[in-house]
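Coordinate inspection notes
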Amino acid sequence: MEYKLDDKAYYDNRELSWLRFNYRVLEEAIDTHNPLLERFKFLAITSSNLDEFFMVRVGGLKDQVKMNYHEPENKTKMTPVEQLENISELNRQNCETQYNIFNDLKSELEHYGIYFRRPEDLPDEFKAETDDIFDREIFPSLTPLGIDAYRPFPKLMNKKINIFVDLSNELGAQTAIVQLPTIIERFYTFHDDGRTYVVLSEDIIIRNVDKLFKGYNIDRTFAFRITRNADLTIHEEGAQDLLIEIERFLKERTKGAAVRLELDIRDNNTINGSFLREELALGEEDVYKFDGPLDLTFLFEFVSKLKDRHPNLTYPPFEPQSPKFLGTDNIYERALKEDIFLHHPFESFQPIVDFVKAAAEDPDVLAIKQTLYRVSSDSPIIGALKEASENGKQVSVLVELKARFDEESNVHWAKELEDAGCHVIYGMNYLKTHSKITLVIKRVKNTLVRFVHLGTGNYNDSTAKLYTDMGIITTDPKIGDDAINFFNYLSGYSLKPEYNSLHVAPFEIRDLFDDYIDKEIRFHKAHGNGYIFAKMNSLTDKKIIDKLLIASQEGVKIDLVIRGICCLKSGIPGVSENIRVVSVVGRYLEHTRIYYFHHNGGDKMFLSSADMMTRNMIKRVEILFPVNDRRFIEELKDINALYLADNKKARLQNPDGTYAYVKNDLPLISAQEELMRRALKVNREQIEEKENYLLTRIRNRFKKNS
């Protein structure tokens, strides 16, 4: 059979697909199913996402253009220049929508007595208070930067807001810049008779900016913000100490070339930023003008400050529940009996923290080995590892120093762990270690038992409340052997080991997918029931995409639940008509990676730290691990079906790569909301079961005493 492949119409560009994902996040700010303050938070997430996109993806493309690299990418055949042009066009549409939503939501807030105001529009007593705040808190920290022959254009900080000032006196016109210091508040709130007024710091500065330039007339002011290229190279080759190289890299990253200029044109829509554009060596396509305040990430803090006053405008609180497969046993006692399955944030991450804490304190534990990619700012996992080392246990930790935008934090944790006596590995040459694995070696009845936790998400107790992830704790001897070989491979010098149960990237995971898709095609030809399900963050690897297209053309049914980038276009007749792509964006960030192959009822189920992305397949150390327990396989199949049934937060990909909300006549169902409901129900049942057990014991004791 001759397969239809390599036509660029069958694929989507990675960057444009990402922008469509960011638009789906933006849609959550429109969705009236979400409480009003939560909708503001989605505006902040959209802005935060976009900042990183420009610093990394756009920055990388601009570097390619500067180096005269004009090779087309391997799917849609777009050159770097063409990608930048398309990014600019699509992102402008997204940004215009974002600010229209922001202004609409501001109006909705006024129904609840919350008002965004410029200082001059406040009641008189608050006008005077903003002037007093400027004099007391803001003015002393400001440094006006004049620009002339003796004062060159300053090196402005990445992502910080600045005020551009045109001023004049009898000697002529001048230009100056005032940067908002990091130490001042981004906004101030004022309360009066049940009303709350929100005033931005840049508006307070603009109102009082004449106090910085005595003897000059202020002719024009506006706020602006620049984004710098952070896609710089870490020079691993020849680095005697990667930790020192990372610290050098962090200093260099703050000095990257400008890649975006944002202008606040609320006061004057004729502002074009031509002077700034010339100084920053940017083109017109790099300039974004907004009818609203810059950097909407301040809305995270805005929501945080107001949620206690307006709890009805935020999500109902949800506390992650005790994992149903853990029961009431000690986690190590249960793991000796059977595997434990965990599903966050519906089930608590605390058992994982307890898993490491208990190991640190247990005199029968000999060693703890763990990989860390991103951890929280006050990580209990780090504390437990330090305690374990201080208690005389062998503690080996791989801290991935190259985890983007967490490099500084990870350098700090690496130093702390080393000071506590842990053996710390910084990663591997030219690879990021993204796998999530913990190995505890414990003496149980004079036998050494290997307890292994494998997961899809980071060992981060903070994000575990916000990201959907899964994990398994097991004492399976084969997985225990694999875990020992894996850590020895990371810490020493040896060829990549042969694993019993685990599949480890680079390359091996992609090889397995390639093999299993081929097998599914063969099963389908023999039995007509071929089916593949995959849930991940992103799908970009062309080799895997082409194999999925071949499977579709052979008649295999394929369901893909992909939160973010998807470079495969589904539903194209004769090409990908047997593939359905669904994206779920909701209260929690979908982060779980699940891979399932029907195999004529053989049910091959895997969880992984890896997406089907080229970087995960060949540039990272990732782990794909099997789910062998029949209970967990059925649980996962049920969860997969739930995501495919979602018609509240799910969007279906169209053949042109765009997405639209799933619409049908069935009752509305959100997978995330249903999983929260189920977790609460199971927890109530567990509590009732425990209470009944205690009551029975009391009754039996009473009868015995009688």
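Above this text you will find the structure in question.
Details of empty space enclosed by the protein
The tally for this structure, following the rule as stated, stands at 4 cavities of 30 Å³ or more. The space that makes up the largest cavity amounts to roughly 110 Å³. Residue lining of the largest cavity: 17 residues in total, with H344, F349, G457, N458 and D469 positioned closest to the centre. Residue assignment for the lining of the largest cavity shows that the elements contributing at least two residues are β16 (447–455) and β17 (467–474). At 4 residues, the largest contribution of residues to the lining of the largest cavity is made by β17. Looking at the lining of the largest cavity, its residues break down into 6 nonpolar, 10 polar and 1 charged. For the second largest cavity, the calculated volume is near 80 Å³. Every residue lining the second largest cavity is counted, 13 residues in all, and those nearest its centre are S47, L50, Q98, R260 and E262.

Focus on the nonpolar core
The biggest cluster of nonpolar side chains holds 111 residues, and the ones touching the most others in it are F40, L299, F302, F513, L539 and L560. If you tally residues by element for this core, the top one is helix α2 (residues 36–66), at 11 residues. With near-sequence residues (within four places) excluded, L299 lies in contact with F40, L43, A44, F102 and F116.

Some details on unusual backbone geometry
The omega torsion across H344 and P345 is 0°, close enough to zero to call that bond cis. Tracing the sequence through the fold places P345 in the loop between β10 (340–344) and α10 (350–361). The amide bond that connects A505 to the next residue, P506, takes the cis arrangement and shows omega of 15°. Mapped onto the secondary structure, P506 falls in the loop between β18 (503–505) and α14 (508–527). At D193, a residue that is not glycine, the phi angle is positive and equals roughly 50°. By secondary structure assignment, the location of D193 is in the loop between β5 (187–192) and β6 (195–200). We classify D193 as exposed; its relative accessible area is 75%. One non-glycine residue, N446, adopts positive backbone phi at about 65°. Residue placement: N446 occurs in the loop between β15 (437–444) and β16.

Let's talk about the pairing of strand β12 (residues 394–399)
The element β12 is extensively covered by neighbouring structure, given that 5 of its 6 residues are classed as buried. Of the pairings in the sheet, the one linking strand β11 (residues 365–372) to β12 comprises 6 bridges and is parallel in character. For A367, the partnering residue across the bridge sits in β12 and is Q394. Between the parallel pair β11 and β12, the chain is carried across by helix α11 (residues 380–390), and the sense of this crossover is right-handed. Direction of pairing for β12 relative to strand β13 (residues 423–425): parallel, over a ladder of 3 bridges. Residue S396 lies in a different strand from β13, and its bridge partner there is H423. You can see the chain leave β12, run along helix α12 (residues 407–419) and come back into β13, and the turn it takes is right-handed.

With respect to the pairing of strand β24 (residues 604–608)
For β24, the tally of buried residues reaches 4 of 5 residues, placing the bulk of the element in the interior. Note: strand β23 (residues 594–597) against β24, 4 bridges, orientation antiparallel. Opposite Y595, over in β24, you have F606 as the bridge partner. Two successive antiparallel strands, β23 and β24, enclose a turn made up of 6 residues, where H599 displays a positive phi of approximately 50°. Examined bridge by bridge, β24 and strand β25 (residues 620–626) share 3 bridges and lie antiparallel to one another. Following the sheet pairing, L607 is matched in β25 by F625.

Quick look at the sheet that holds β6
Ordered in space as β1-β6-β5, the 3 strands form an open sheet in which the pairing is mixed. Of all the strands in the sheet, just β1 (114–116) and β5 have a single pairing partner and so form its edges. On average, each strand axis in the sheet is tilted by 20° relative to the strand beside it, whichever way the strands run. Where β5 meets β6, 6 bridges bridge the pair, whose relative direction is antiparallel. Bridge pairing links H191 to T196 in β6. Across the sheet, helix α4 (residues 124–138) is in contact with β5 and β6; its angle to β5 comes to roughly 145°.

Remarks on the packing of aromatic side chains
Throughout the structure, instances matching the rule amount to 35 aromatic pairs. Each ring, one from F164 and one from F222, has its centre 5.0 Å from the other, and the planes form 25°; the classification is stacked. Of this pair, F164 sits in strand β3 (residues 161–169) while F222 sits in strand β7 (residues 217–228), and the two are 58 residues apart along the sequence. One Lys or Arg, R260, reaches over the ring of F54 and ends 4.5 Å from the middle of that ring. Above the plane of the ring of Y643 lies K535, whose end atom (NZ or CZ) is 5.0 Å from the centre.

Section: the environment of V504
Positionally, V504 belongs in strand β18. With relative accessibility at 0%, the residue V504 sits in the buried group. Separated by 362 residues in sequence, V504 and L142 have C-alpha atoms that sit 52 Å apart. Not counting chain neighbours up to four residues away, the residues in contact with V504 comprise F486, K496, Y499, I509, V621, E622 and I623.

Regarding the pattern of salt bridges
Two side chains that carry opposite charge are able to pair once their charged atoms sit near each other. Enumeration over the complete set of coordinates arrives at 57 salt bridges. Between E301 and K305 there is a salt bridge, with its nearest N and O atoms 3.8 Å apart. Here E301 and its partner K305 are both found in helix α8 (residues 298–306), 4 residues apart, which amounts to about one turn of the helix. By relative accessible area, K305 is classed as partly exposed at 39%. Within the structure, one salt-bridge network assembled from shared partners comprises E27, E28, D31, K649 and R651.

What counts as what
Residues numbered from 1 in each chain as written. Predicted model: local features only at pLDDT ≥ 70, side-chain atom pairs only at ≥ 80, totals over all residues. Heavy atoms only, no water. 1 Å grid on protein atoms, 1.4 Å probe; cavity = no way out; pocket = protein on both sides within 12 Å on 5 of 7 lines; lining within 4 Å. Points joined across faces, edges and corners; volume = space filled by probe spheres on them. Helix = DSSP H or I, 4+ residues; strand = E, 2+ residues; numbered from the N terminus. Nonpolar A, V, L, I, M, F, W, Y, C, P; charged D, E, K, R; others polar. Core = buried A, V, L, I, M, F, W, Y, C linked by side-chain atoms within 4.5 Å. Buried < 20%, exposed > 50% of the residue type's maximum accessible area, 1.4 Å probe, protein only. Contact = heavy atoms within 4.5 Å. Pairing = 2+ DSSP bridges. Right-handed = clockwise from strand over helix to strand, strands pointing away. Axes fitted to C-alpha atoms, helices over the stretch in contact; angles between N-to-C directions. Phe/Tyr/Trp six-rings, centres within 6.5 Å; stacked < 30°, edge-to-face > 60°. Lys NZ or Arg CZ within 6 Å of the ring centre and 35° of its normal. Salt bridge = Lys/Arg side-chain N within 4 Å of Asp/Glu carboxyl O.

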